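Structural characterization, general
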Amino acid sequence: MLRLALVAAVIVQALALPFDLTLDNEWELFKVAYKKNYGEEESNRRQIWEDNVRLIEKHNLEEDRGVHTYRLGMNEYGDMTNEEFARVMNGLIVHNKTSTNLFEPTMDPQDLPDSVDWRAKGYVTEIKNQGQCGSCWAFSTTGSLEGQHFKSTNKLVSLSEQNLMDCSKKQGNKGCQGGLMDNAFKYIEENKGIDTEQSYPYRAKNGKCHFKASDVGATETSHKDIQEGSESDLQQAVSTTNQDAALRD
């Protein structure tokens, strides 16, 4: 009877853990690579991760057949569902107000280049990671201003997203809980500058404002929005050095 009970317990345990055992080693490597420590939530995270592994494998097999033009790979967000990722990472606060502060195109769309790589021209800083914080709006703001600052000074300076997260609440931003580029630009204009990344490093969490005028890395006098739904306006804004336009979703 004891032997039967033990066999039954093993069967029940196997049924309770519907994991692909061939992925055990990859799962352990994933946790080590991205410093994951789940506790009681590990089973749920493992299942989500396996679902994403299968999605990646299926997509890449289809890419081999020419179905897609790009490949997928695993990263630190592989243990999150799409819904979780969107909730945590997509911090843009969208509002329905119609902007009157619009970018005005000056070129014929036929005269615009088919493509442009601002990285090769020196306008773009190194890749940044917002972490698990809804601060995408802050990174959009600094990226735009970093390019414009380079255009004006020929100096590429990494600007502080954390400065915007901590200090632009009066303008309507909410740190990791979301924000809007227009609000961030307004803060920089009213504040007469934004600190450098080096002086005010990113922490991926909300904090108290400690802006220092002595650490300002760039200033801004005005910004423009792109007309919602206008691909031609967007094309001109991103393909010329008129990069002071803030994209409105």
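My aim in this report is to walk through the structure given alongside it, one point at a time. (Residues numbered from 1 in each chain as written. Predicted model: local features only at pLDDT ≥ 70, side-chain atom pairs only at ≥ 80, totals over all residues. Heavy atoms only, no water.)

What follows is about unusual backbone geometry. Positive phi, close to 55°, is recorded for lysine 35, a residue that is not glycine. The residue lysine 35 is located in the loop between helix H2 (24-33) and helix H3 (42-64) in this model. Despite not being glycine, alanine 204 shows a phi value in the positive range, around 60°. Along the chain, the position of alanine 204 falls in the loop between strand S1 (194-195) and strand S2 (216-218). By relative accessible area, which is 25% here, alanine 204 ends up partly exposed. (Helix = DSSP H or I, 4+ residues; strand = E, 2+ residues; numbered from the N terminus. Buried < 20%, exposed > 50% of the residue type's maximum accessible area, 1.4 Å probe, protein only.)

Let us now look at the pattern of salt bridges. A complete count under the given rule lists 16 salt bridges for this structure. Two residues, aspartate 51 and arginine 54, come together in a salt bridge whose shortest N-O distance is 2.8 Å. Of this pair, aspartate 51 and arginine 54 both sit in helix H3, three residues apart, which is roughly one turn of that helix. In this structure, the salt-bridge partner of glutamate 197 is lysine 128, at a minimum N-O distance of 3.3 Å. Within this pair, whereas glutamate 197 is found in the loop between S1 and S2, its partner lysine 128 is found in the loop between helix H4 (82-89) and helix H5 (136-153), the two being separated by 69 residues in sequence. By relative accessible area, glutamate 197 is classed as buried at 16%. Lysine 128 gets classed as partly exposed once you look at its relative accessible area, which sits at 29%. Each of Asp24, Arg46, Glu50, Asp51 and Arg54 takes part in one network of salt bridges that share partners. (Salt bridge = Lys/Arg side-chain N within 4 Å of Asp/Glu carboxyl O.)

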